[in-house]
Amino acid sequence: MKNYKSFSDPELITRMKNGDHLAYSEVYDRYFYLLFLFAYKKLRDEDMSKDFVQDLFMKVWEKKASISESGKLSSFLYISIRSKIFDHFARHKVENKYLSFLKNFVANSHEGTDYQTRTEQLSIYIEKEIDALPHKMGLVFKLSRKEYLSNKEIAQKLDVTESNISCHISNAVKILRIKLSVLK
């Protein structure tokens, strides 16, 4: 029996490329906790941090053939998790801008019958576009924006990961933003 703990990262990568699950397990054991701590310091959410690191390791196995043996594995993993975190914050920023736009739109509209009519029409249009979203995406968006459930609560309710929920909300916001931009 080989002692995988004594193998260098390049040796483990070579073995992973050949389908060696024990080499992959050693990489996972070697880096999971360090990447989790890194992600947690940025996200301040334990479950989301675990999900991000788990997703990263799934991609490592899926894309093992493209990982360079000559590169530094730890650098590759840290850069990958950092990019995933930056993407998350960018999506979150877009969601907040969208919500801010909707709040400002309603707040800055003029009072009166015309205002009420336009507000009702906009509300009907938004509801129609939300209903036109793919089923699960629409359900997640409604639970988030209408029932005010957190991503964690939605994930538990639907038995999926929080990152999956974030992805659904982000995609819904992108679609709705495009649909609502037609109204400008």
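In this report, the structure presented in the accompanying data block is examined.

A word on the overall build of the protein chain
At step 1: The secondary structure content of the protein chain amounts to 8 helices and 0 strands.
At step 2: In the protein chain, the order of α-helices and β-strands from amino to carboxyl end is α-α-α-α-α-α-α-α.
At step 3: For a compact globule of 184 residues, the expected C-alpha radius of gyration is about 16 Å, and the protein chain comes in at 22 Å, more than 25% above that figure.
At step 4: Expressed as a percentage of the 184 residues in the protein chain, the buried residues total 35%.
At step 5: Counted over contacts in the protein chain with a minimum sequence separation of 6, partners at least 24 positions apart contribute 61%.

Looking at the packing of aromatic side chains
At step 1: In the structure shown here, the tally under the stated rule is 10 aromatic pairs.
At step 2: The interplanar angle of 85° and the centroid separation of 5.2 Å between the aromatic rings of Tyr 4 and Phe 7 together place this pair among those described as edge-to-face.
At step 3: Its relative accessible area of 12% is what places Tyr 4 among the buried residues.
At step 4: Ring pairing ties together the aromatic residues Tyr 24, Tyr 28, Phe 32, Tyr 33, Phe 36, Tyr 40, Phe 57 and Trp 61, which thus form one cluster.
At step 5: Over the aromatic face of Trp 61 sits the side chain of Lys 64, whose NZ or CZ is 3.9 Å from the ring centroid.

Here's the deal with the pattern of salt bridges
At step 1: A complete count under the given rule lists 10 salt bridges for this structure.
At step 2: The closest approach of N and O atoms between Arg 30 and Asp 9, which form a salt bridge, is 2.7 Å. Taken together, the positions of Arg 30 in helix α2 (residues 21–43) and Asp 9 in helix α1 (residues 9–17) put the pair 21 residues apart, joining distant regions of the chain.
At step 3: The exposure class assigned to Arg 30 is partly exposed, which follows from its relative accessible area of 23%.
At step 4: Classification of Asp 9 by relative accessible area gives buried; the value is 15%.
At step 5: Across the salt bridge formed by Asp 55 and Lys 84, the nearest N and O atoms sit 3.8 Å from each other. Placement of the pair is Asp 55 in helix α3 (residues 46–62) and Lys 84 in helix α4 (residues 73–108), with a sequence separation of 29 residues.
At step 6: Of the residues examined, Asp 55 reaches a relative accessible area of 17% and is grouped as buried.
At step 7: With relative accessibility at 23%, the residue Lys 84 sits in the partly exposed group.
At step 8: What emerges from the salt-bridge pattern is a single network uniting Lys 5, Asp 9, Glu 26 and Arg 30.

Thresholds applied
- Residues numbered from 1 in each chain as written.
- Predicted model: local features only at pLDDT ≥ 70, side-chain atom pairs only at ≥ 80, totals over all residues.
- Heavy atoms only, no water.
- Helix = DSSP H or I, 4+ residues; strand = E, 2+ residues; numbered from the N terminus.
- Rg over C-alpha atoms; globule rule 2.2 N^0.38 Å.
- Buried < 20%, exposed > 50% of the residue type's maximum accessible area, 1.4 Å probe, protein only.
- Contact = heavy atoms within 4.5 Å.
- Phe/Tyr/Trp six-rings, centres within 6.5 Å; stacked < 30°, edge-to-face > 60°.
- Lys NZ or Arg CZ within 6 Å of the ring centre and 35° of its normal.
- Salt bridge = Lys/Arg side-chain N within 4 Å of Asp/Glu carboxyl O.

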